[in-house]
Amino acid sequence: QKFLSEKITVSRRIETISKTDFSEVETLYDVLEKSIKDINWIYNNINEDSFTKIVNLLVNAENIYLVGFRNSFSAISFFGSSLSWIRDNVYVINGIGGNFDQFSKISSNDVLISVSLPRYLKQTVKFQKFGYDSGANTVCITDTITSPLVKYSTIPLIIKSEILSFSDNLIPVMCLITGMLNSVARINNKSTSKKVKSLEEFWNTMDLYDNIK
């Protein structure tokens, strides 16, 4: 079953969905039920030592590199923007733009976190291998110990992620990321408060958000 889920194409996934007799609301409930199961699996099976080590790396690393492509980029983008609010030197890698060249400087003082679910992208694996070979602390968030990312990860973090549709289910990934963000913010409470306060002053100056009265 796992082998098939890794190999199944997007078109086959859509074809499978189209064969169900679910109504629109039943389809929603199906997604919610499977997502709840995935979250419960993390709740009962998360490697607490690994999670704690990852949080400490995020607090103490000189630089943090976040890698995720295609569907996974939405999770990595959220992770990067939120983490940059509470600490410096956070780099989101997506393709050859942005921080691509910065990644060549990755070293043993840095941490790399990659996200990839079936079907695993070769590009993500390449970045993970480069970081691993460079001596960096490499973390992967993936769905099975047989994932190609695990081989190049000093700390693999395994989740359960059922295929909900033609796209990956990022809900359990987002739960982990939010937990990491809150943990880092709690540990770095003083520096986080100072950094966020400075950002809020800048946002107000730029009139970024609507002031609801």
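All values derive from a computational prediction rather than experimental measurement.

Definitions and cut-offs
Every chain is numbered on its own, with residues counted from 1 as its sequence reads. Totals for whole chains, interfaces and linings use every residue, but because this is a predicted model, local features are given only for residues with pLDDT of at least 70 and side-chain atom pairs only at 80 or more, for both listing and counting. With hydrogens and water set aside, each side-chain value is computed from the structure's full complement of heavy atoms. The helix count covers DSSP runs of H or I at least four residues long, the strand count covers runs of E at least two residues long, and both are numbered beginning at the N terminus. Multiply 1.5 Å by the residue count of a helix minus one, and that product is the helix's expected span. When a residue's accessible area, from a 1.4 Å probe over protein chains only, is under 20% of the maximum for its type it is buried; when over 50% it is exposed; and in between it is partly exposed. Each patch is assembled from residues with relative accessible area greater than 30% and no salt bridge, linking like charges that lie within 9 Å and nonpolar side chains (Val, Leu, Ile, Met, Phe, Trp, Tyr) that lie within 5 Å. Calculation of accessible area relied on Shrake-Rupley with a 1.4 Å probe; when residues are assessed, cover is drawn exclusively from the protein chains displayed. The working definition used for a salt bridge is a side-chain nitrogen of Lys or Arg within 4 Å of a carboxyl oxygen of Asp or Glu. Here, the term nonpolar core denotes a set of buried Ala, Val, Leu, Ile, Met, Phe, Trp, Tyr and Cys residues that are joined through side-chain atoms within 4.5 Å. Whether two residues are in contact is decided by their heavy atoms, any of which lying within 4.5 Å being enough. Note that the arc is defined by the directions from the helix axis to the C-beta atoms.

**Q** What's the story with helix α7 (residues 171-187) in this structure? I'm lost.
**A** An α-helical segment advances 3.6 residues per turn. Residues three or four places apart therefore align on the same side. Between its first and last C-alpha, α7 extends 25 Å over 17 residues, near the 24 Å set by a 1.5 Å rise per residue. Here α7 has its buried residues at Pro172, Val173, Leu176, Ile177, Met180, Leu181, Ser183 and Val184.

**Q** Would you mind showing me how to read a nonpolar patch on the surface here?
**A** Where nonpolar side chains cluster on the molecular surface, the patch consists of Val25, Leu28, Tyr29, Leu32 and Ile36 and spans about 470 Å² of accessible area. With respect to the helices and strands, the residue Leu32 is situated in helix α3 (residues 24-45). Given a relative accessible area of 42%, Leu32 falls into the partly exposed group.

**Q** Please explain the environment of Lys34 as it appears in this structure.
**A** You can see Lys34 is positioned in helix α3. Distance from Lys34 to Ser161, taken between C-alpha atoms, is 8.7 Å for residues 127 residues apart in sequence.

**Q** I'm lost on the nonpolar core in this one. Help?
**A** Nonpolar side chains in soluble globular proteins tend to end up buried together. Core analysis: the largest hydrophobic core is formed by 32 residues, its most contacted members being Leu58, Phe79, Leu83, Ile113, Ile141 and Val173. Contributing elements (two or more residues each) for this core: α4 (48-60), β1 (64-67), α5 (71-83), β3 (111-115), β4 (137-142), β5 (155-158) and α7. With sequence-adjacent residues up to four places away left out, Val173 is seen in contact with Ala75, Val115, Leu117, Ile141 and Ile159. Core analysis: the second largest hydrophobic core is formed by 10 residues, Val67, Phe69, Phe103 and Phe127 among them.

**Q** Explain helix α6 (residues 122-133) to me, please; I cannot follow it from the model alone.
**A** End to end, α6 covers 16 Å across 12 residues, agreeing with the expected 16 Å (1.5 Å per residue, within 8%). Along α6, the positions that sit buried rather than exposed are Thr124, Val125, Phe127, Gln128 and Gly131. The buried side chains of α6 occupy one side of the element, clustering within an arc of 160 degrees when seen end-on. Every exposed residue of α6 that faces more than 90 degrees away from the buried side is listed here: Lys122, Lys126 and Asp133. On its buried face, α6 is in contact with β1, β2 (90-93), β3 and β4. Looking one or two residues past α6, Gly135 carries a phi angle of roughly 85 degrees, positive in sign.

Just geometry here; none of it tells us what the structure is for.
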